[in-house]
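# Report on the structure
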Amino acid sequence: MVVIAFRATKPGSNMRTWMGSKVPTSTISLCTSIQFFICVYWMLQCPPFPERNTKIKTEIIIFQCNECSDTLLWCMLGYTAFLACVSFFIAFLARKLPDSFNEAKWITFSMLIFLSVWISFVPAYLSTQGKFMVAVEVFGILSSSAGIVGCIFFPKCYIILLRPNLNSRQNLLGKGTTKKI
């Protein structure tokens, strides 16, 4: 919305039609609905089921989850990757906004961490078998979530807790006399 707002102020811009509170709400609803329908279709078409695996270790029977359809699993992960790439691109476009409105560098870095975690997830996931596949999935989810949360909220927590003098209206509007570190 901030990118649209700054582009809408340019003379002759047709971005004014995209202004308003309904655009972010409808965008998030649409993207979430698509992901929801992919997952529901996958669960209805071919739900995962437990399976006995005797191939990994012949003397032990290992129960594991068979995803049933690798195509639908990768469609779901591909759509998530598509949304991450779009978010990264939009954050990259917002990098030249004024400092008081610019959260884009933290969002861009968090999306870069998210993408790098999931790019490294693919070969790690494909090269593991059995119970270690779940550990790789959990590690991917936790590390990408920690990267996003850390990059977006750590700078804010740093200012609020350790540099409260920077947490003022004057500094937000760029009128403060506090020296930058």
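Everything below is about the structure shown above.
Just so it is clear, the structure is predicted and the values come from calculations on it, not from any experiment.

Cut-off values and rules
- Residues numbered from 1 in each chain as written.
- Predicted model: local features only at pLDDT ≥ 70, side-chain atom pairs only at ≥ 80, totals over all residues.
- Heavy atoms only, no water.
- Helix = DSSP H or I, 4+ residues; strand = E, 2+ residues; numbered from the N terminus.
- Buried < 20%, exposed > 50% of the residue type's maximum accessible area, 1.4 Å probe, protein only.
- Contact = heavy atoms within 4.5 Å.
- Areas by Shrake-Rupley, 256 points an atom, 1.4 Å probe, with all protein chains shown as cover.
- Axes fitted to C-alpha atoms, helices over the stretch in contact; angles between N-to-C directions.
- Parallel < 35°, antiparallel > 145°, perpendicular 65-115°, else oblique.
- Left-handed = near helix turned anticlockwise from the far one by under 90°.
- Nonpolar A, V, L, I, M, F, W, Y, C, P; charged D, E, K, R; others polar.
- Expected span 1.5 Å × (residues − 1).
- Phe/Tyr/Trp six-rings, centres within 6.5 Å; stacked < 30°, edge-to-face > 60°.
- Patch = residues over 30% accessible without salt bridge, like charges linked within 9 Å, V, L, I, M, F, W, Y side chains within 5 Å.
- Salt bridge = Lys/Arg side-chain N within 4 Å of Asp/Glu carboxyl O.

## Focus: the overall build of the protein chain
If you tally the helices and strands in the protein chain, you get six helices and two strands. Each helix (α) and strand (β) of the protein chain, taken in turn from the N terminus, gives the series α-α-β-β-α-α-α-α. The proportion of buried residues among the 181 residues of the protein chain is 23%. A sequence separation of at least 24 residues applies to 46% of the contacts in the protein chain between residues at least 6 apart. Here the protein chain displays about 13300 Å² of accessible surface, and carbon together with sulfur accounts for 70% of that area.

## Topic: the packing of helix 3 (residues 70–93) against helix 4 (residues 104–126)
Interhelical geometry of helix 3 versus helix 4 gives an angle of 155° and a closest axis separation of 8 Å. With respect to helix 4, the element helix 3 is oriented roughly antiparallel. For the crossing formed where helix 3 meets helix 4, the hand is left-handed. Residues Leu73, Trp74, Leu77, Thr80, Ala81, Ala84, Cys85, Ser87, Phe88, Ala91 and Phe92 of helix 3 lie in contact with helix 4, whose contacting residues are Ala104, Ile107, Thr108, Met111, Leu112, Phe114, Leu115, Phe121, Val122, Tyr125 and Leu126. A class-by-class count of the residues in the contact of helix 3 with helix 4 yields 19 nonpolar, three polar and no charged.

## Overview of the packing of helix 2 (residues 22–45) against helix 3
In contact at an axis separation of 10 Å, helix 2 and helix 3 are set at 170° when each is read in the N-to-C sense. Considering the angle they form, helix 2 stands roughly antiparallel to helix 3. Of the residues in helix 3, those in contact with Cys31, Ile34, Gln35, Ile38, Cys39, Tyr41, Trp42 and Gln45 of helix 2 are Leu72, Leu73, Met76, Tyr79, Thr80 and Leu83.

## Things to note about helix 4
Here helix 4 spans 33 Å end to end across 23 residues, near enough to the 33 Å set by a 1.5 Å rise per residue. Of all the residues in helix 4, the buried ones are Ala104, Thr108, Ser110, Met111, Phe114, Leu115, Val117, Trp118, Phe121 and Tyr125. Residues of helix 4 that are buried make contact with helix 3 and helix 5 (131–162).

## Some remarks on the packing of aromatic side chains
Applying the stated criterion across every chain, the model contains six aromatic pairs. Ring geometry for Trp118 and Phe121: centres 4.6 Å apart, planes at 70°, overall edge-to-face. Of this pair, Trp118 and Phe121 both sit in helix 4, three residues apart, which is roughly one turn of the helix. Here Trp118 matches Phe121 in class, with each residue buried. Each residue in the set Trp74, Phe114, Trp118, Phe121 and Tyr125 is aromatic and connected to the rest through ring pairs, giving one cluster.

## Notes on the environment of Phe37
Looking at the element boundaries, Phe37 is found in helix 2. Exposure remark for Phe37: the relative accessible area of 54% places this residue in the exposed category.

## Focus on a nonpolar patch on the surface
Taken together, the side chains of Phe154, Tyr158, Ile159, Ile160, Leu161 and Leu162 present a nonpolar region at the surface, about 640 Å² in accessible area. Tracing the chain through its elements places Ile160 in helix 5.

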